[in-house]
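Single-letter residue listing:
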Amino acid sequence: MIEIMKNSESLKQLFAGTGPFIGLNLAFFLLVGFSMPQEESDIIYWNSQRFIQWSDFKGKYKSNQDSVTAMSYVGILIRKNTVGTLGVYSAFSKDKSWVDHNERSEDGLGHEQGHFDITEICARKFRKYLLENKRIARSEKRVEKAYREFQIMHLNLQSRYDRDTDHNRKEEERRKWKSLIEQELEALEAFKNPIINF
């Protein structure tokens, strides 16, 4: 496993977006388009009332993943909706997310929901940033550059979450993360609307 951050750095630093980050070339996605997202058969957009289910994991199970029994393919979608608006969405790909059907459990599903919730936290931080920097929001190139920086934070948070919880094997760490995720979502409640007007 790749060591992402020094042990002395706190989760609060990660959520605050401070500390040294390294870039990872992992499967997260950026889409700049010109339409509002529709409920697509493959994509679930983050919603506080709609949690992922094991039936949403439609991808082919990959058994050679160092005892990993499930993988959520999550990311932030960016769409230019109309002149003066931008959509920043947390998304889960059903077709690319997979699970070992012999290893499905409620705790495991909760862990995978945590990955999706971390994506929403990062999307809210990105929305906040764009609202505070509307000049950047008006330029597709500047949005893409800023997104790459936020993607690094996102990837580091996801890696830290798996490392700290040992992929959901450490119950105490799992509880700490669950609490921290809930606190961060609440703290960023003002930025839950995916539409940014600039």
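Cut-off values and rules
- Residues numbered from 1 in each chain as written.
- Predicted model: local features only at pLDDT ≥ 70, side-chain atom pairs only at ≥ 80, totals over all residues.
- Heavy atoms only, no water.
- Core = buried A, V, L, I, M, F, W, Y, C linked by side-chain atoms within 4.5 Å.
- Buried < 20%, exposed > 50% of the residue type's maximum accessible area, 1.4 Å probe, protein only.
- Helix = DSSP H or I, 4+ residues; strand = E, 2+ residues; numbered from the N terminus.
- Contact = heavy atoms within 4.5 Å.
- Pairing = 2+ DSSP bridges.
- Phe/Tyr/Trp six-rings, centres within 6.5 Å; stacked < 30°, edge-to-face > 60°.
- Salt bridge = Lys/Arg side-chain N within 4 Å of Asp/Glu carboxyl O.
- Axes fitted to C-alpha atoms, helices over the stretch in contact; angles between N-to-C directions.
- Left-handed = near helix turned anticlockwise from the far one by under 90°.
- Nonpolar A, V, L, I, M, F, W, Y, C, P; charged D, E, K, R; others polar.

Participant: Sorry, what's going on with the nonpolar core here?
Facilitator: Grouped burial of nonpolar side chains is what soluble globular proteins tend to show. Among the nonpolar cores identified, the biggest contains 36 residues, and F126 and L130 are the most heavily contacted of them. Elements represented by at least two residues in this core include exactly β3 (74–80), β4 (85–93), α2 (106–132), α3 (134–137), α4 (140–165) and α5 (171–187). At eight residues, α2 tops the list of elements feeding residues into this core. Once residues lying within four places of it in the same chain are set aside, the contact partners of F126 are I78, V88, V143, A146, Y147 and F150. Among the nonpolar cores identified, the runner-up in size contains five residues, and I43, Y45, L77 and A91 belong to it.

Participant: Would you mind showing me how to read the pairing of β3 here?
Facilitator: It is a general feature of regular strands that their side chains alternate between the two faces of the sheet. Of all seven residues that make up β3, six are buried, and the element is covered over most of its length. Hairpin geometry of β3 and β4 is characterised by an intervening segment of four residues between the two adjacent antiparallel strands and by a positive phi of about 90° at G84.

Participant: Looking at this model, I keep getting lost on the packing of aromatic side chains. Mind explaining?
Facilitator: Each aromatic ring pair is specified by the distance between its two centres and by the angle formed by the two planes. Under the defined criterion, the tally for this structure stands at nine aromatic pairs. Aromatic pair Y45 and Y89: ring centres 5.6 Å apart, planes at 65°, arrangement edge-to-face. Placement of Y45 in strand β1 (residues 43–45) and of Y89 in strand β4 is noted, with a sequence separation of 44 residues between them. Note on Y89: relative accessible area 7%, which makes it buried.

Participant: Is there a simple way to think about the pattern of salt bridges in this case?
Facilitator: Should the charged atoms of two oppositely charged side chains come close, the side chains can pair. Scanning the entire structure with this criterion turns up 13 salt bridges. A salt bridge links D56 to R50; the nearest nitrogen and oxygen atoms lie 2.7 Å apart. A salt bridge links E173 to K176; the shortest N-O distance between them is 3.3 Å. Separated by three residues within a single helix, E173 and K176 lie in helix α5, roughly one turn from each other. The partly exposed category is assigned to E173, whose relative accessible area is 22%. Here the salt bridges share partners, and the residues they tie into one network are E120, R124, R127, E189 and K192.

Participant: Sorry if this is basic, but what is going on with the packing of α4 against α5 here?
Facilitator: To describe two helices that pack against each other, one gives the angle between their axes and the distance between the axes. Taken N-terminus to C-terminus, the directions of α4 and α5 make an angle of 150°; their axes are 8 Å apart at the nearest point. Every pair of crossing elements has a handedness; the one defined by α4 and α5 is right-handed. Contact with α4, carried on its side by L157, R160, Y161, D164 and T165, involves E173, R174, W177 and I181 of α5 and no other residues of that element. Grouping the amino acids of the contact of α4 with α5 by side-chain chemistry returns four nonpolar, one polar and four charged.

Participant: Which parts of the structure should I look at to understand the pairing of β4?
Facilitator: Along β4, nine of the nine residues are buried, which leaves the element largely enclosed by surrounding structure. Residues T85, G87, Y89, A91 and S93 point to one face of β4 and L86, V88, S90 and F92 to the other, with burial holding for every one of them. Relative to β4, β1 runs antiparallel, the two being bridged by three bridges. The residue of β4 that forms the bridge with I44 is F92. As judged from the seven bridges shared by β3 and β4, these two strands associate in the antiparallel manner. Of the residues in β4, the one forming a bridge with I78 is V88.

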